[in-house]
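So you can see what is in the structure, the chains are spelled out below.
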Amino acid sequence: MILSGVIMKVVRFFCAAISLLVCMAVSGVSSRAQNSSPTERYLGISGKQKPAAPLLAPQDLKDHVVNGKLVLSLDDCIRLALSYNTDIRLDHYQIDTAMNNLQRVYAPFDPLLTSSFTDQRNKTPTSTQLSGASILNELTQQTQIGYSQTFQTGTNFQGSLIADKTSTNSSFNTLNPATATTLQFSVTQPLLRNFGLFPNRAPILIAQRNLKQARASFLGEVSDIIQQIVGNYWNVVLTREVLAVQQKSLDEAQKSYDHDKKALSLGALPPLDIYRSESQVASRRVGVIQAEYAVKQAEDQFRQSIAADIDPATRVLDLELTDRPEPVGELLTIDIPTALARAVANRPELEAVHEQLAIDELSIRLAHNNLKPDLELSGFYLGNGLNGYQPGVANTGIGTSLSQSFRFAFPAYGATLSLALPIKNHSAEANLADALVSRGHDQYQQRETNQSILLDVTSAVHALEASKLGMEAAKVAVDLAKETLHADERKYALGTEQIFFVLDAQTQLAQAELNLIQSQVNFQVAVTQVDHATGDLLEHHHVQVVDPSK
């Protein structure tokens, strides 16, 4: 009874331990596979997958934090965007893909080394004495080493060394066991289709053009994004200036309202005249609220462009933009012919369409090659060798067989000329037709790109000239508005003019200051637009895209 009690305790202990291990395993599997489908869990895919490394938040932003604010110049924003902007990172993958494809097209010319070993035992009952045994027992072992490579001329080379060892109980075999070796070389050369360097190197040339096209497209997309970032930068500056002008206008209206309340309390102002200044305060307060919302919206959009919205620590920091919209130095002057010439020389979009047209020409030539008959000349040369054990004679060993093969003591050689002449090749003809259609399409695409660049250049130059004229006119308008407000304030103080004219003059001055700020920002944006249209934007902001390694 004591022994049975001990046994029961041991059994219960093992059951509890096994239950605990099962629960731990199930919980571990469920935690790993909670986001997996039942099929994936059944196949064990979820447990074997290694998750991708998480994307790191921008680190350089911390270097621009001063006194709890994110202090940035325009060049700082461009540099940060080049490092962390999500759109730029996504666009760069087209270059990586093109580089991988360039590496892939070299695959047909990769050398290949193969080897194999086969061991086979075969027992066969016989019905005749000519088999040499009533039950024929044979052992065959084959070792094979091969090498093959296709060269860029279309030439295919193959070499192989084969050793066959046979052992049998047949009494008629002179050598038992016996080893036969064969050293063989063969060469195949196309004479019509795929003859020469071009048809075999055409995929490489096309992949190289694709890489150049991807790089040109990436440069164009980077230029577009930088233009957008510059616009976002100046938009934040503009909305802040608008808010400052609106706040200043509100302060002026509040000052007039306080003056009118004091005059009303002293009986120097009719009661009905107080409503005009009071309504101006309410109206301008609405303008301040709207300007504050516009500032927040512009700042959020700007943070996204420089990836400052990714890290919660930098997302909440106030922005301090150091560049001012007032032009410094001599204003940019450029005419349309000069700008157009620079655009033709620098715009990456033109390079991209040129590369595409070059790819079309290569594809057309390659399609013509595929229409040719398939004529091939092949030849081989091999050496045979044999050794084995013969009763009464010393065993020569495998070295003798290999020596015979490498010395080509027992050679065999031959040549083959083969011709495949398709009566009708619909696939190749359709491929040629597609290549011709693609070239025609890309020619129109080139024309459209040229027209678009011409429109960009003319619009940018006209916008630049208009912004300069608008800026000069806005400066004059601000000076005149200040003089008008000063004169109306003096007249109102002397009692010769009503408050209406003072409030109107304040509104006119605020609008004139807004127009001046808008014209200054328009000029900065117009300069960026000209740089973008002429293809000089990256150079002017000291941006250089390094060529991908070959």
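This one's a predicted model, so the numbers in the text were calculated from it and none came from an experiment.

Rules used in this analysis
Residues numbered from 1 in each chain as written. Predicted model: local features only at pLDDT ≥ 70, side-chain atom pairs only at ≥ 80, totals over all residues. Heavy atoms only, no water. Pairing = 2+ DSSP bridges. Helix = DSSP H or I, 4+ residues; strand = E, 2+ residues; numbered from the N terminus. Axes fitted to C-alpha atoms, helices over the stretch in contact; angles between N-to-C directions. Contact = heavy atoms within 4.5 Å. Expected span 1.5 Å × (residues − 1). Buried < 20%, exposed > 50% of the residue type's maximum accessible area, 1.4 Å probe, protein only. Arc of directions from axis to C-beta. Polar contact = N/O pair within 3.5 Å; in protein donor to acceptor, adjacent residues only side chain to side chain. Patch = residues over 30% accessible without salt bridge, like charges linked within 9 Å, V, L, I, M, F, W, Y side chains within 5 Å. Areas by Shrake-Rupley, 256 points an atom, 1.4 Å probe, with all protein chains shown as cover. Salt bridge = Lys/Arg side-chain N within 4 Å of Asp/Glu carboxyl O. Core = buried A, V, L, I, M, F, W, Y, C linked by side-chain atoms within 4.5 Å.

On to the sheet that holds strand S9 (residues 410-420). If you trace the six strands from one edge of the open sheet to the other, you get S3-S4-S5-S6-S8-S9, paired in antiparallel fashion. With partners counted over all chains shown, the strands left at the sheet margins are strand S3 (112-125) and S9, one partner each. The average undirected angle you get between the axes of adjacent strands in this sheet is 15 degrees. The strands touched by helix H11 (residues 398-406) within the sheet are strand S5 (156-168), strand S6 (178-190), strand S8 (374-388) and S9, with S8 carrying the most contacts at an inclination of about 150 degrees.

Where S6 meets S8, 13 bridges bridge the pair, whose relative direction is antiparallel. Each residue of the ladder has a partner; that of Phe 185, found in S8, is Tyr 381. Two strands pair when backbone bridges link them, and S8 and S9 are joined in this way by 11 bridges, in the antiparallel orientation. The residue bridging Leu 375 from the neighbouring strand is Leu 419, located in S9.

In an α-helix there are 3.6 residues to a turn, and that puts residues three or four apart on one side. In a regular helix each residue adds 1.5 Å, so 19 residues correspond to 27 Å; helix H5 (residues 86-104) covers 27 Å between its end C-alpha atoms and thus fits that length. The set of residues buried in H5 consists of Ile 88, Ile 95, Ala 98 and Leu 102. Each buried residue of H5 lies within a common arc of 70 degrees when the element is viewed along its axis, so the set occupies one face. With respect to the buried face of H5, the exposed residues turned more than 90 degrees away are Leu 90, Tyr 93, Thr 97, Gln 103 and Arg 104. The backbone nitrogen of Asp 87 has a side-chain oxygen 3.0 Å away, supplied by the residue at the start of H5, namely Asn 85.

This part takes up a nonpolar patch on the surface. Residues Leu 191, Leu 192, Phe 195, Leu 377, Leu 417, Leu 419 and Leu 421 make up a contiguous nonpolar surface patch of about 670 Å² in total accessible area. The topology assignment puts Leu 417 in strand S9. On the basis of relative accessible area, Leu 417 is assigned to the exposed category, the value being 59%.

With that settled, the discussion passes to the nonpolar core. Within soluble globular proteins, side chains that are nonpolar tend to cluster in buried spots. Among the nonpolar cores identified, the biggest contains 46 residues, and Leu 72, Ile 226, Tyr 233 and Phe 302 are the most heavily contacted of them. Elements with a contribution of two residues or more to this core: strand S2 (69-72), helix H4 (74-84), H5, helix H6 (197-265), helix H7 (274-305), strand S7 (318-321), helix H13 (499-534) and helix H14 (537-540). With 17 residues, the top contributor of residues to this core is H6. Apart from residues no more than four positions distant in its own chain, Ile 226 is found in contact with Ile 78, Leu 82, Leu 537, Leu 538 and Val 543.

Our next topic: the environment of Ala 178. Examined against the element boundaries, Ala 178 turns out to sit in strand S6. C-alpha separation for the pair Ala 178 and Ile 398, spaced 220 residues apart in sequence, amounts to 9.1 Å. Look past the residues within four positions of Ala 178 in its chain and what remains in contact with it is Asp 164, Lys 165, Thr 166, Leu 386, Asn 387 and Gly 388.

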